[in-house]
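Structure assessment
One-letter residues, chain by chain:
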Amino acid sequence: MNKNNILKINNLHVNIDQKSIIAGLNLSVNSGEIHAIMGKNGSGKSTLAKVIAGHPNYTVTKGNIILNGEDITTQEPDERSHKGIFLAFQYPVEIPGVTNSDFLRLAYNSKQKYNEKSELDPLSFFELINTKITQIDMKPTFLYRNVNEGFSGGEKKKNEILQMSLFNIKLAILDEIDSGLDIDALKNISNHINNIRNTNNAFLLITHYQRLLDYIIPDYIHVMDHGKIIYTGDNKTANQIEQYGYDFINQ
């Protein structure tokens with residue numbers, strides 16, 4: 001399989017309120033790969049996810065972020081999204097008064113317009129989205145509920161999966177998508193993520209726990225500490241962390 005570099009982060013330094021959060025981080029992710037990022041609380045994992053997505057509260061003071069060969073370090077979040085970055089939140093927000101179907105159609109057509117492709121009218125979009133919800137075992141009634149309002153943890157995460165499958169993502173960043181899920185919901189969500197994975201996209205999983213990585217097998221596991229990656233291993237690394245804690249890295 002020919003792999004293309006999707007994400008390359010070079011010597012990244014990031015501040016928030018003049019406090020250093022990311023300090024000299026390097027990372028390379030190729031198409032078809034799944035990378036997991038683990039680390040203690042406060043190590044910078046979620047910050048990294050937000051910085052890649054373009055969160056405005058963070059200031060890049062040094063280094064750059066390359067997506068598909070293009071420097072996106074200074075680009076706005078919507079530009080990054082249009083170019084294929086998708087961030088699945090640990091706690092997806094509720095949007096009262098906006099139905100899922102309206103939200104998804106507007107977001108989909110926004111991407112179509114950016115990429116100079118035809119936008120879909122409501123009827124054509126309805127046919128497309130019905131195909132997608134069938135593929136991930138969502139009930140059609142989800143489309144008429146307000147975005148994430150009154151959803152269970154599993155339903156919110158499934159809604160993120162629906163967005164991922166609809167938007168033709170290049171790089172999906174999943175920030176603790178296993179948070180708040182029971183084992184059945186975790187298996188279900190993991191199966192759908194594995195189905196979305198292909199040779200043209202890549203996934204960055206941020207998690208505290210090995211159990212997610214039992215169902216979504218990563219190619220690499222990176223351990224962060226004090227804003228940088230201090231160790232890179234294979235999919236067995238999570239078992240070592242589960243058994244010995246992060247101390248095994250220094251052994």
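Above: the structure in question.
So, here is what we can say about the structure in this document. All of these numbers come straight from a predicted model, not from anything done at the bench.

**Quick word on the overall build of the chain**
Along the backbone of the chain there are eight helices and 12 strands. In terms of overall dimensions, the chain is globule-like: its C-alpha atoms have a radius of gyration of 18 Å, near the 18 Å expected for 251 residues. Counting only C-alpha atoms and orienting by the principal axes, one finds that the chain spans roughly 60 × 40 × 40 Å. Taking all 251 residues of the chain together, 47% fall into the buried category. Taking contacts inside the chain between residues at least 6 apart in sequence as the whole, the part at least 24 apart equals 68%. In the structure as shown, the chain presents an accessible area of about 12,300 Å², 46% of it carried by carbon and sulfur atoms.

**Focus: the sheet that holds strand β12 (residues 228-233)**
Pairing is mixed in the open sheet, where six strands are placed in the order β6-β9-β10-β3-β11-β12. Two strands in the sheet have a free side with no partner beyond their single neighbour: β6 (85-88) and β12. Geometrically, the sheet is characterised by an average inter-axis angle of 20° between neighbouring strands, direction not taken into account. Of the strands in this sheet, β6, β9 (171-175) and β10 (202-206) are in contact with helix α5 (residues 153-166), which crosses β6 at around 175°.

**A few points about the layout of surface pockets**
For the largest pocket, the calculated volume is near 720 Å³. As for the largest pocket, its lining consists of 29 residues, and the residues nearest its centre are Ser81, Phe86, Leu87, Phe89 and Gln163. Elements represented by at least two residues in the lining of the largest pocket include exactly α1 (45-53), α2 (77-82), β6, α3 (100-114) and α5. Here the lining of the largest pocket takes five residues from α2, the largest share from any one element. Residues that form the lining of the largest pocket fall into these classes: 14 nonpolar, nine polar and six charged.

**Notes on the nonpolar core**
One finds Met164, Leu174, Phe203 and Leu205 to be the most contacted residues of the largest nonpolar core, which totals 42 residues. A per-element tally of this core places helix α6 (residues 183-196) first, with five residues. Not counting the four nearest positions on each side in its chain, Leu174 is found in contact with Ala88, Met164, Ile193, Phe203, Leu204, Leu205 and Ile206.

**A word on the sheet that holds strand β4 (residues 59-67)**
Across the sheet, which stays open at both edges, the four strands sit in the order β2-β1-β4-β5 with antiparallel pairing between neighbours. Both outer strands of the open sheet, β2 (19-30) and β5 (70-71), are each paired with one neighbouring strand and no more. As paired elements, strand β1 (residues 5-16) and β4 share seven bridges and run antiparallel to each other. Residue Asn15 lies in a different strand from β4, and its bridge partner there is Thr59. Sitting on the sheet, α1 touches β1, β2 and β4, and the angle it makes with β1 is about 110°.

**Points about the packing of α3 against α5**
Two numbers describe how α3 lies on α5: the axes approach to 11 Å, and their chain directions differ by 30°. Relative to α5, the element α3 is oriented roughly parallel. Between α3 and α5 lies a crossing of right-handed hand. When α3 is examined against α5, the residues Asn100, Phe103, Leu104 and Tyr108 are found in contact with a partner set consisting of Asn159, Leu162, Gln163 and Leu166. Of the residues that constitute the contact of α3 with α5, the class distribution is five nonpolar, three polar and no charged.

Conventions we followed
Residues numbered from 1 in each chain as written. Predicted model: local features only at pLDDT ≥ 70, side-chain atom pairs only at ≥ 80, totals over all residues. Heavy atoms only, no water. Helix = DSSP H or I, 4+ residues; strand = E, 2+ residues; numbered from the N terminus. Rg over C-alpha atoms; globule rule 2.2 N^0.38 Å. Buried < 20%, exposed > 50% of the residue type's maximum accessible area, 1.4 Å probe, protein only. Contact = heavy atoms within 4.5 Å. Areas by Shrake-Rupley, 256 points an atom, 1.4 Å probe, with all protein chains shown as cover. Pairing = 2+ DSSP bridges. Axes fitted to C-alpha atoms, helices over the stretch in contact; angles between N-to-C directions. 1 Å grid on protein atoms, 1.4 Å probe; cavity = no way out; pocket = protein on both sides within 12 Å on 5 of 7 lines; lining within 4 Å. Points joined across faces, edges and corners; volume = space filled by probe spheres on them. Nonpolar A, V, L, I, M, F, W, Y, C, P; charged D, E, K, R; others polar. Core = buried A, V, L, I, M, F, W, Y, C linked by side-chain atoms within 4.5 Å. Parallel < 35°, antiparallel > 145°, perpendicular 65-115°, else oblique. Left-handed = near helix turned anticlockwise from the far one by under 90°.

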